[in-house]
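Listed below are the residues making up each chain.
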Amino acid sequence: MINYYKKVDNKIREIEEAEAGCWICVINPTETEISFLEEDMNIDRDYVRAALDEEEPSRIESDDGVTLIVVDYPVAENDNDPDRTLFYSTTPMSVIITDKNVITVSAKDNVVLDELSSGMVKGINPNLKTRFVFTILLRIAARYLQYLKQIDKLSNYVGGQMYLSMKNKGLIQLQGLEKSLVYFSTSLKANEAVLDKLMRGRYLKLYEEDQELLDDVLIEVKQAIEMTGIYSNILNGTMETFASIISNNLNIIMKRMTTITIILTMPTIVFSFYGMNLNEAANGLPIANVWFPMALSLVLSVGVGVLMNFIQKFK
């Protein structure tokens, strides 16, 4: 799908066809649309297809006056698994800058681009290409920060539920959030490397206002990287704490089961002697009435239970 946007009457509006100074938004293009961009817009096919590969690394390159910037943006996903909360990942998006237009390409619906096209972001102008590109990067960095706060709230909520009731569902949810933070950390560091290259001014000409905007983007990305590290450490500590609690609870249960097994062994031993198919004289057992082995079993069981409790208390 290809849409064209331009600033008209101080607002971003969709137009019918490409014009100089417009923004071309490409979402999950077909082969026909890729051929159109290649032939009519003189865009390298590899540049267009860069964002369609989920494993495409963040990078920046320039050739024949066309600059390609590939960055990762965050995505909130729901795999419809009732045992999991939201799962966060990253996916690449390419920004292609020509002498006339800015072209964005992504394989999935992009919340950041939706905000720009709907007019939610004020003061943007696709005709000011460098500033418009930096605005996109700033919105991506802000989206990372927003999702990181959501991850923190989700981990706190799941952790609180785990303290009340230790279930596998909570551990699976925490593991999913931990995986999300790993994706964020990797993508943010790659994006930071791209921004550092842009900061040198070799690929895009930077004016004073553009420089300030790029500084803001770098600050946001660095803050997101720091928050990712902090939340990841907290989540790792939480997972280790719950693992220790589960192990400790298992040890307590095994001790109780062992104690019960030893207590129940006493009646088994007593009744084994008195239940032998031998006569009283050959047996030589005292008081071979039914009440005596029952009483003896009860006394031995209580005695062993008290002894085991004493040992565990003062161990």
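In the block above lies the structure referred to throughout.
Now for a description of the structure that goes with this document. (Residues numbered from 1 in each chain as written. Predicted model: local features only at pLDDT ≥ 70, side-chain atom pairs only at ≥ 80, totals over all residues. Heavy atoms only, no water.)

**Focus on the overall build of the protein chain**
Of the regular secondary structure elements, the protein chain holds eight helices and seven strands. A buried classification covers 40% of the 315 residues belonging to the protein chain. Taking as baseline every contact in the protein chain between residues at least 6 positions apart, the subset at least 24 positions apart corresponds to 65%. As displayed, the protein chain offers around 17,900 Å² of accessible surface, 54% of which is attributable to carbon and sulfur atoms. (Helix = DSSP H or I, 4+ residues; strand = E, 2+ residues; numbered from the N terminus. Buried < 20%, exposed > 50% of the residue type's maximum accessible area, 1.4 Å probe, protein only. Contact = heavy atoms within 4.5 Å. Areas by Shrake-Rupley, 256 points an atom, 1.4 Å probe, with all protein chains shown as cover.)

**Quick word on the packing of aromatic side chains**
Describing an aromatic ring pair means giving the distance of the ring centres and the angle of the ring planes. Per the stated rule, a full pass over the model turns up six aromatic pairs. Ring geometry for tyrosine 88 versus phenylalanine 184: centroids 6.2 Å apart, planes at 70°, classification edge-to-face. Of this pair, tyrosine 88 sits in strand β6 (residues 87-97) while phenylalanine 184 is found in helix α5 (residues 168-199), placing the two residues 96 residues apart along the sequence. With a relative accessible area of 0%, phenylalanine 184 lands in the buried category. Plain terms: the ring middles of tyrosine 144 and phenylalanine 184 are 5.2 Å apart, the flat faces sit at 85° to each other, and that makes the pair edge-to-face. Residue tyrosine 144 is located in helix α4 (residues 129-164), and its partner phenylalanine 184 is located in helix α5; the two are separated by 40 residues in the primary sequence. Both residues of the pair, tyrosine 144 and phenylalanine 184, belong to the buried class. Among the aromatic residues, those joined into a cluster by ring pairs are Tyr88, Tyr144, Tyr147 and Phe184. (Phe/Tyr/Trp six-rings, centres within 6.5 Å; stacked < 30°, edge-to-face > 60°.)

**Looking at the sheet that holds strand β7 (residues 102-106)**
Taken in spatial order, the seven strands line up as β2-β1-β3-β7-β6-β5-β4 in an open sheet, and their pairing is mixed. The open sheet has two edge strands, β2 (11-15) and β4 (59-63), and neither has a second partner. Direction aside, neighbouring strands of the sheet carry axes that sit 25° apart on average. (Pairing = 2+ DSSP bridges. Axes fitted to C-alpha atoms, helices over the stretch in contact; angles between N-to-C directions.)

**Here's the deal with the pairing of strand β3 (residues 23-27)**
Across the five residues of β3, five count as buried, placing the element largely inside the fold. Side chains Trp23, Cys25 and Ile27 project from β3 onto one buried face, and the interleaved Ile24 and Val26 project onto a second face that is buried too. By the bridge criterion, four bridges tie strand β1 (residues 2-8) to β3 in an arrangement that is antiparallel. For isoleucine 2, the partnering residue across the bridge sits in β3 and is valine 26. Sheet analysis places β3 next to β7, joined by five bridges and oriented parallel. For isoleucine 24, the partnering residue across the bridge sits in β7 and is isoleucine 103.

**Section: a negative patch on the surface**
On the surface, Asp44, Asp46, Asp63 and Asp64 cluster together into a negatively charged patch. With respect to the secondary-structure elements, aspartate 64 resides in the loop between β4 and β5 (66-77). Accessibility expressed as a relative area gives 75% for aspartate 64, which makes it exposed. (Patch = residues over 30% accessible without salt bridge, like charges linked within 9 Å, V, L, I, M, F, W, Y side chains within 5 Å. Salt bridge = Lys/Arg side-chain N within 4 Å of Asp/Glu carboxyl O. Lys, Arg positive; Asp, Glu negative; His and termini not counted. Charge placed at Lys NZ, Arg CZ, Asp CG, Glu CD.)

**Some thoughts on helix α1 (residues 31-39)**
A turn of α-helix holds 3.6 residues, and therefore any two residues three or four places apart point the same way. Listing the buried residues of α1 in full gives Glu33, Ile34 and Leu37. Taken end-on, α1 shows its buried residues confined to a sector of 100°, consistent with a single buried face. In α1, those exposed residues whose orientation departs by more than 90 degrees from the buried face are Thr32 and Glu39. (Arc of directions from axis to C-beta.)

**Description of the nonpolar core**
Among the nonpolar cores identified, the biggest contains 55 residues, and Ile69 and Leu198 are the most heavily contacted of them. Listing elements by their share of this core, those giving two or more residues are β3, β5, β6, α3 (111-117), α4, α5 and α6 (208-274). Other than its neighbours up to four places away in sequence, leucine 198 contacts Ile60, Ile69, Phe134, Leu137, Leu204, Leu206 and Leu214. Val26, Leu37, Val66 and Val105 belong to the second largest nonpolar core, which has 20 residues in total. (Core = buried A, V, L, I, M, F, W, Y, C linked by side-chain atoms within 4.5 Å.)

**Details of the pattern of salt bridges**
Applying the stated criterion across every chain yields a total of nine salt bridges. The closest approach of N and O atoms between glutamate 61 and arginine 59, which form a salt bridge, is 2.8 Å. Its relative accessible area of 29% is what places glutamate 61 among the partly exposed residues. Look at arginine 59 and you get partly exposed, because its relative accessible area is 22%. Overlapping salt bridges bring together Glu31, Glu38, Arg45 and Arg49 as one network.

Everything listed here is a matter of coordinates, which is why it stays silent on function.
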